Every structure is written in structure tokens, then in C-alpha cells.
Amino acid sequence: MTDLKPLQCERLLANNYVGRLAYIANNQPYVVPSTYYFDSEEKSILCFASNGHRVDSLRKHDKVSFQVDKIESFRHWESVQVHGNFQELTGNSAKHYLQLFAEGVQRTIDHKNAERPHFLSHFSGRLQETEMPVVYRIAVTEITGKSVEESESAAIQN
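Keep in mind that what you see is a predicted model, and the values were worked out from it rather than measured.

### A look at the overall build of the protein chain
Next, step 1: For the protein chain, the count of helices and strands is five helices and eight strands.
Next, step 2: For the protein chain, the N- to C-terminal ordering of α and β elements is β-α-β-β-β-β-α-β-β-α-α-β-α.
Next, step 3: A buried classification covers 41% of the 158 residues belonging to the protein chain.

Laid out in C-alpha cells, this is it:
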């Protein structure tokens, strides 16, 4: 197992759009899958959610972790963990970042899969609603990553 360099971590974040958000609610840890966009310029992860358990908890405890993996096999994977702070976005800023999120996720999917999933129209439609979802970002304070390559696993076993 080797440590990923910062640029490798950022590349993994930029090349994916689904991760897992870890947060605390009622003194319990929770982990939920979340669609995201990594804003490399601002070093933040953009997300949105409906008002509810997750958002209520994030408003009370702003320290979070976010994990993204690329798993090809048991002996070939990369994993990045981000630590950061929840920041709720409001007004025109929220609309701007929701649009950035939708466009960024679409570009990532286009690059990765060469397909246009139907759910992205859902994001764009949210821009026109009077009651928008809660748009937030995770301001990154630390990024770490690990990887295992097939050759490393073979060397460990020998």
C-alpha cells in the first residue's frame, strides 16, 4: 500500500461523482452515499440535499469526512479521504453553485462513461424551483489517499 500524492488525490476526486459523506448526528456516526462535484479551484466538494436529518445534523456539527474510491479489484484500488467543514450556501450563491455542480457532474459523467443519465435534468430543474434544495460545500482542510497496485500485492505475498 502506498500513499497517494496530493495531485493524485485531487485527480481521483475530479474523475468521480459519487462518494460517501460521514457526519455525526445524536452522537452517532452516519455514512451516506452522495453525488458530488469536486471544485478544484476552490478546493471544495459541492453537494445538495433536501432538508432533513443530514442537513439538520450538518448544521449542528460542521466537521465531516468524505471518501471516494476507485476499485478495480481486490489488488488494485485507490481511496481518498477528505476532512473538511460543512458550509451551507444560500441565495444567488446557492443557485450559482448548484449550476456549477450540475454542469461539473455532467462533464465528469460524459468523460467517464460517455452517456447522459436522465437524473441530471433533475438538478437543472431545481434551479428554477422557488424552494431550492440545501446547497452546500465541504471546505477541504485535509486530503489523504492510499492505493494498492497488483504488483505491490504480489510482492507482499512473496
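### Regarding the pattern of salt bridges
Next, step 1: The full count for this structure, using the stated rule, is seven salt bridges.
Next, step 2: Here Lys 146 ties to Asp 3 by a salt bridge, and the two come within 2.4 Å at their closest N and O atoms. Here Asp 3 lies in strand β1 (residues 2-3) and Lys 146 lies in strand β8 (residues 134-148), a separation of 143 residues in the sequence.
Next, step 3: Arg 137 is paired through a salt bridge with Glu 42; the nearest N and O atoms lie 2.8 Å apart.

### Some details on the pairing of strand β6 (residues 63-73)
Next, step 1: Direction of pairing for strand β2 (residues 18-25) relative to β6: antiparallel, over a ladder of three bridges. Residue Ala 22 lies in a different strand from β6, and its bridge partner there is Ser 65.
Next, step 2: Bridging between β6 and strand β7 (residues 76-89) involves 10 bridges; their strand directions are antiparallel. Bridge pairing in β7 links Asp 69 to Ser 79.
Next, step 3: Counted along the chain from β6 to the antiparallel partner β7, the turn is two residues long.

### Quick notes on the nonpolar core
It is characteristic of soluble globular proteins that their nonpolar side chains tend to be buried jointly.
Next, step 1: If you look at the biggest cluster of nonpolar residues, it comprises 24 residues, and the most contacted ones within it are Leu 21, Tyr 36, Ile 45, Phe 66 and Tyr 136.
Next, step 2: Contributing elements (two or more residues each) for this core: α1 (6-14), β2, β5 (44-49), α2 (53-60), β6, β7 and β8.
Next, step 3: Counting 12 residues, the second largest nonpolar core, distinct from the first, contains Ala 94, Leu 98, Val 105 and Ile 109.

### A word on the packing of aromatic side chains
Next, step 1: Applying the stated criterion across every chain, the model contains four aromatic pairs.
Next, step 2: Judged by centre distance (5.7 Å) and plane angle (15°), the ring pair of Tyr 23 and Tyr 30 falls under stacked.
Next, step 3: On the basis of relative accessibility, which here comes to 4%, the residue Tyr 23 falls in the buried class.
Next, step 4: With 5.3 Å between their ring centres and 50° between their planes, Phe 86 and Tyr 136 make a pair best called tilted. One end of the pair, Phe 86, is in strand β7; the other, Tyr 136, is in strand β8, and 50 residues separate them in sequence. An identical accessibility class is assigned to Phe 86 and Tyr 136; each is buried.
Next, step 5: Arg 137 extends its terminal NZ or CZ atom over the ring of Tyr 97, reaching a point 5.1 Å from the ring centre.

Parameters at a glance
Residues numbered from 1 in each chain as written. Predicted model: local features only at pLDDT ≥ 70, side-chain atom pairs only at ≥ 80, totals over all residues. Heavy atoms only, no water. Helix = DSSP H or I, 4+ residues; strand = E, 2+ residues; numbered from the N terminus. Buried < 20%, exposed > 50% of the residue type's maximum accessible area, 1.4 Å probe, protein only. Salt bridge = Lys/Arg side-chain N within 4 Å of Asp/Glu carboxyl O. Pairing = 2+ DSSP bridges. Core = buried A, V, L, I, M, F, W, Y, C linked by side-chain atoms within 4.5 Å. Phe/Tyr/Trp six-rings, centres within 6.5 Å; stacked < 30°, edge-to-face > 60°. Lys NZ or Arg CZ within 6 Å of the ring centre and 35° of its normal.

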